[in-house]
Amino acid sequence: MAGNWKMYKTPAETGSFFEKFRPLVAATQYCEIVICPPFTNIAAAVEAARGTRIQVGAQNLYWAKEGAFTGEVSGPMIRAAAAAYVIIGHSERRQYFGETDATVLKKIGAALEAGLTPIVCVGELLEHREAGQTDAVLSEQCCEGILRLDDREFAQVVIAYEPVWAIGTGKTATPEIAAAAHRTIRGEVRSRYGEDAAGQVRILYGGSVKPDNVRSLMAQTEIDGALVGGASLDPVSFASIVNFQS
Ligand code: PEP
């Protein structure tokens, strides 16, 4: 269960979030819990998560290790800040910051080299879905990005299916729509890496996941977890998503 805080919260607000969130998930055993704050809050989040099972991730990285790339942050820098995960290819990055499957692939390589677990996002636009192109778009994003990794690299990647029309809109994909898309992605993984890899890869669903819909989404066997934006900003709401089984 991963929270994407997008461009929200200061270090002080991060501390307050963790104070409330920590006890609410202290007994949670069944899943990994990841919070991805803005870069400026990674240190505060790591400090506040010390001694707990909560892990911290970044929301982006640049593929070079260091250099004259003003405004960018590298994999080794994120790892040195004690984050363990990084979101790559989020649709907001693809839409507003020109990310492509090719840059996503470079970023996955950089993340793996730095020892970070990439959470790689794919997902169709509303116009794709309405034109019946969802499967084609997902297959292309997978084939041009994640599926170019070798077997060993691929085994370290988490995929997030995030239909762009469901992100931040309050429109959740129905559990059936989400599961169908997950099957398409898993099918691509099966064709490229085989049955074992298809069974083992974790595919998260993201798009307006909330405490009141998480249970029905997670009831789909295809869905292994959730990438949560808006609802991860509130400790009580994110904790009830994490603890949806109880
Ligand atoms: C996200 O940012 O990855 C996301 C899924 O956002 P939201 O849950 O707000 O739709």
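Here the structure is a predicted model, which means the values were calculated and not measured.

(A) Region of interest: the site of the ligand. Around the ligand, the surrounding shell holds 14 residues, and the nearest of these are Lys 6, Glu 162, Gly 168, Ser 208 and Gly 229. At 3.0 Å, a side-chain N or O of Asn 4 approaches an oxygen atom of the ligand. Within the backbone of Gly 230, a nitrogen or oxygen atom sits 2.8 Å from an oxygen atom of the ligand. Here the ligand loses 98% of its free accessible area of 290 Å² to cover by the protein chains. Each residue belonging to the shell around the ligand can be placed in one class, and the counts come to 4 nonpolar, 8 polar and 2 charged.

(B) Layout of the side chain of Asn 60. Within the secondary structure layout, Asn 60 lies in the loop between β3 (54-58) and α3 (75-80). Filtering out sequence-adjacent residues up to four positions away, Asn 60 remains in contact with Phe 39, Ile 78, Val 86, Ile 87, Arg 93, Glu 99 and Lys 107.

(C) Region of the structure containing unusual backbone geometry. Positive phi, close to 50°, is recorded for Lys 6, a residue that is not glycine. With respect to the element layout, Lys 6 can be found in the loop between β1 (2-4) and α1 (11-25). One non-glycine residue with positive phi stands out, namely Lys 9, at about 85°. Turning to its location among the elements, Lys 9 is positioned in the loop between β1 and α1.

(D) Just the nonpolar core, in detail. Counting 66 residues, the largest nonpolar core has Phe 21 and Ile 159 as the members making the most contacts within it. Tallying contributions element by element places helix α5 (residues 101-114) first for this core, with 6 residues. Once residues lying within four places of it in the same chain are set aside, the contact partners of Ile 159 are Val 120, Val 122, Ile 146, Phe 154, Ile 185, Val 189, Val 201, Arg 202, Ile 203 and Leu 204.

(E) Just the pairing of β3, in detail. Counting buried positions over the 5 residues of β3 gives 4, a clear majority of the element. In this sheet, β3 lies alongside strand β2 (residues 33-36) in parallel orientation, the contact comprising 3 bridges. Bridge pairing links Ile 35 to Val 56 in β3. A crossover links β2 with its parallel partner β3, the connecting element being helix α2 (residues 42-49), and its sense is right-handed. Examined bridge by bridge, β3 and strand β4 (residues 85-88) share 2 bridges and lie parallel to one another. Looking at the pairing, Gly 57 lines up with Tyr 85 of β4. Once the chain exits β3 it traverses α3 before rejoining the sheet at β4, and the crossover so formed is right-handed.

(F) The sheet that holds β4, seen in detail. Strand order in the closed barrel formed by 8 strands is β1-β2-β3-β4-β5-β6-β7-β8, with parallel pairing between adjacent strands. Mean inter-strand twist for the sheet, computed between neighbouring axes without regard to direction, equals 30°. Strand direction decides the pairing type here: strand β5 (residues 117-122) and strand β6 (residues 158-161), joined by 4 bridges, are parallel. Its bridge partner being in β6, Cys 121 is matched across the sheet by Ala 160. Sheet strands in contact with α1 are β2 and β3, and its direction is about 170° off that of β2.

Parameters and conventions
Within every chain, residues take consecutive numbers counted from 1 along the sequence as written. Two thresholds apply to this predicted model, a pLDDT of at least 70 for residue-level local features and 80 or more for giving and counting side-chain atom pairs, whereas whole-chain, interface and lining totals are computed over all residues. Each side-chain value is worked out from all heavy atoms of the structure, with water and hydrogens disregarded. We call a residue near a molecule or strand as soon as one heavy atom of that residue lies within 4 Å of the molecule or strand. Polar contacts, as counted here, are pairs of nitrogen or oxygen atoms within 3.5 Å of one another; within protein the pair requires one atom able to donate a hydrogen and one able to accept it, and residues that are adjacent in sequence qualify only if both atoms are side-chain atoms. Shrake-Rupley sampling with a 1.4 Å probe provides the accessible areas, and residues are treated as covered by the protein chains on show and by no other component. When residue character is reported, Ala, Val, Leu, Ile, Met, Phe, Trp, Tyr, Cys and Pro are called nonpolar, Asp, Glu, Lys and Arg charged, and the others, Gly included, polar. Numbered from the N terminus, helices here are DSSP runs of H or I no shorter than four residues, and strands are runs of E no shorter than two. Contacts are residue-level and defined by heavy atoms, with any inter-residue pair within 4.5 Å sufficient. For our purposes a nonpolar core is just a set of buried Ala, Val, Leu, Ile, Met, Phe, Trp, Tyr and Cys residues, chained together by side-chain atoms within 4.5 Å. Each residue is assigned to one of three classes by its accessible area relative to the maximum for its type, calculated with a 1.4 Å probe on protein chains only: buried under 20%, partly exposed between the two thresholds, exposed over 50%. Any two strands between which DSSP finds at least two bridges are classified as paired. Crossover handedness is defined by viewing with both strands directed away from the observer: a clockwise path from the first strand over the helix to the second marks the crossover as right-handed. Lines are fitted to the C-alpha atoms to define the axes, a helix being fitted only along its stretch in contact, and any angle between axes, read from their N-to-C directions, falls within 0 to 180 degrees.

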